[in-house]
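What follows is the residue order along each chain.
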Amino acid sequence: MKPFISSIEIENRVIVAKYQRLMVGAKVVLVEKASGRQVSDTVTRVASPVPVGALRIKLPEAIEPGTYFLRAFNGHGEDAARSADFEIS
């Protein structure tokens, strides 16, 4: 079964993303949809050995309003999951 990021909530410039089947060591990064640019200041790693959980990503002040998504990479750097698009205002 393929890993996925199931929901995104944003409050006070913090993204809370729930995931399933992401393994320990997976890397999750915020991506600007229009440019495809990965926001390196937002890289977060899955630390839990349990493959179900939630990540918290604090948004840097430099993040501009727009459409974004989260992309997850497994421990080998291969594409593992992608969230639905969401808006940051």
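A brief structural summary. A quick note: this is a predicted structure, and the numbers were derived from the prediction, not measured.

Here the focus is the packing of aromatic side chains. On inspection of all chains with the given rule, the structure shows 0 aromatic pairs. Residue placement shows Lys27 over the ring face of Phe73; its charged tip is 5.4 Å from the ring centre. Taking NZ or CZ as reference, Arg82 lies 3.6 Å from the ring centre of Phe69, over its face.

Here strand 3 (residues 27-32) runs beside strand 4 (residues 38-45); their pairing, made up of 4 bridges, is antiparallel. The residue bridging Val31 from the neighbouring strand is Gln38, located in strand 4. Counted along the chain from strand 3 to the antiparallel partner strand 4, the turn is 5 residues long, and its residue Gly36 has a positive phi close to 80°. When strand 3 meets strand 6 (residues 66-73), the two strands line up antiparallel, connected through 6 bridges. In the strand pairing of strand 6, Val29 is matched with Arg71.

The rules we used
Residues numbered from 1 in each chain as written. Predicted model: local features only at pLDDT ≥ 70, side-chain atom pairs only at ≥ 80, totals over all residues. Heavy atoms only, no water. Phe/Tyr/Trp six-rings, centres within 6.5 Å; stacked < 30°, edge-to-face > 60°. Lys NZ or Arg CZ within 6 Å of the ring centre and 35° of its normal. Pairing = 2+ DSSP bridges. Helix = DSSP H or I, 4+ residues; strand = E, 2+ residues; numbered from the N terminus.

This is a description of form; function is not addressed.
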